[in-house]
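Below, each chain spelled out in residue letters.
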Amino acid sequence: IAPLPHPIIGYAGWMGYQMDTELLCLVARAYPDCSLVLVGPSDLPDSNDLGQLQSLPNVFFLGCKDRQELPNYLQAFDVALMPYLLKGHVLSIYPLKLHEYLAAGRAVVSTDLPELQPYGGQVRIAQTHGEFIDHIRDALGDDTPQAIEARVAVARENTWDHRVAEINRVLEQHLSVKSKELAA
């Protein structure tokens, strides 16, 4: 990734049927002076959009990387993407990559996944392809130390340790209520 021209607009993760390849083509064409970098295994279904995406000179499929190397790739991104198709079970996914992106301090642009609504203050959520492309423009300039620290702070609030503690709290509360009901 080091020799690729900046700015780098990137995605890291498994690429399959959930990806909006039409949108990725539009992004690459809208930002011809940027590198669109796709890191991870690609199981993208064959389509006209995939063929076009692969042929664009500013699109780079970097393949799988070791998990230990992934933070280095995320640090190289100027903007991190979640370009998901909004249909089927994708509408109910919670993309854990959100917290990886935020932990790296990257500005994030996503399609309108319902589970991301609570993060609207830290994630630019697009309703349309045009809005997605516009959000990238805004995100490219969003790299102040304050903005980066705000994103990292959100990631810190969403570690596995915090999630397990929250699950434990909810279970203890529920068991306490049930225990009182049984005792009555």
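Refer to the structure printed above.
Residues numbered from 1 in each chain as written. Predicted model: local features only at pLDDT ≥ 70, side-chain atom pairs only at ≥ 80, totals over all residues. Heavy atoms only, no water.

Draft legend 1. A look at the pattern of salt bridges. Summed over the entire model, instances satisfying the criterion amount to 5 salt bridges. For Glu100, the salt bridge identified is with Arg67, shortest N-O distance 3.2 Å. With Glu100 in helix H4 (residues 97–103) and Arg67 in the loop between strand E3 (59–63) and helix H3 (70–76), the pair connects residues that are 33 residues apart, well separated along the chain. The class of Glu100 is partly exposed, set by a relative accessible area of 28%. On the accessibility criterion, Arg67 (61% relative accessible area) is exposed. Put simply, Asp142 and Arg151 hold a salt bridge, and the shortest N to O gap is 3.2 Å. For the pair Asp142 and Arg151, a shared accessibility class is recorded, and that class is buried. (Salt bridge = Lys/Arg side-chain N within 4 Å of Asp/Glu carboxyl O. Helix = DSSP H or I, 4+ residues; strand = E, 2+ residues; numbered from the N terminus. Buried < 20%, exposed > 50% of the residue type's maximum accessible area, 1.4 Å probe, protein only.)

Draft legend 2. Spatial organisation of the pairing of strand E1 (residues 8–12). Within E1, 5 of the 5 residues are buried, leaving the element largely enclosed by the surrounding structure. In E1, alternate side chains face the same way, and those of Ile8, Gly10 and Ala12 on one face and Ile9 and Tyr11 on the other are all buried. By the bridge criterion, 5 bridges tie E1 to strand E2 (residues 35–39) in an arrangement that is parallel. In the strand pairing of E2, Ile8 is matched with Ser35. For E1 and strand E4 (residues 79–82), the ladder comprises 2 bridges, and the chain directions are parallel. (Pairing = 2+ DSSP bridges.)

Draft legend 3. Examining the layout of surface pockets more closely. If you add up the space inside the largest pocket, you get close to 300 Å³. Considering the residues around the largest pocket, the lining is formed by 15 residues, among which Ala12, Gly13, Arg67, Leu70 and Glu100 are closest to the centre. For the lining of the largest pocket, the residue count by class is 8 nonpolar, 2 polar and 5 charged. (1 Å grid on protein atoms, 1.4 Å probe; cavity = no way out; pocket = protein on both sides within 12 Å on 5 of 7 lines; lining within 4 Å. Points joined across faces, edges and corners; volume = space filled by probe spheres on them. Nonpolar A, V, L, I, M, F, W, Y, C, P; charged D, E, K, R; others polar.)

Draft legend 4. Highlighting helix H1 (residues 21–30). Residues Thr21, Leu23, Leu24, Cys25, Val27 and Ala28 constitute the buried set of H1. Regarding H1, its N-cap is Asp20, as a side-chain oxygen of that residue lies 3.3 Å from the backbone nitrogen of Glu22 further along. (Polar contact = N/O pair within 3.5 Å; in protein donor to acceptor, adjacent residues only side chain to side chain.)

Draft legend 5. Structural detail: the pairing of E2. Of all 5 residues that make up E2, 5 are buried, and the element is covered over most of its length. The side-chain alternation of E2 yields two buried faces, one formed by Ser35, Val37 and Val39 and the other by Leu36 and Leu38. Viewed along the sheet, the connection from E1 through H1 into E2 turns out right-handed. Here E2 runs beside E3; their pairing, made up of 4 bridges, is parallel. Along E3, the bridge assignment pairs Val37 with Phe60. (Right-handed = clockwise from strand over helix to strand, strands pointing away.)

Draft legend 6. Local environment of the packing of H1 against helix H5 (residues 129–140). Remark: H1 packs on H5, axes separated minimally by 10 Å, with the N-to-C direction vectors making an angle of 45°. Judged by the inter-axis angle, H1 sits oblique to H5. Viewed along their axes, H1 and H5 form a crossing whose handedness is right-handed. Within the contact between the two elements, H1 uses Glu22, Leu23, Leu26, Val27 and Ala30 and H5 uses His129, Phe132, Ile133 and Ile136. Of the residues belonging to the contact of H1 with H5, the class tally is 7 nonpolar, 1 polar and 1 charged. (Axes fitted to C-alpha atoms, helices over the stretch in contact; angles between N-to-C directions. Parallel < 35°, antiparallel > 145°, perpendicular 65-115°, else oblique. Left-handed = near helix turned anticlockwise from the far one by under 90°. Contact = heavy atoms within 4.5 Å.)

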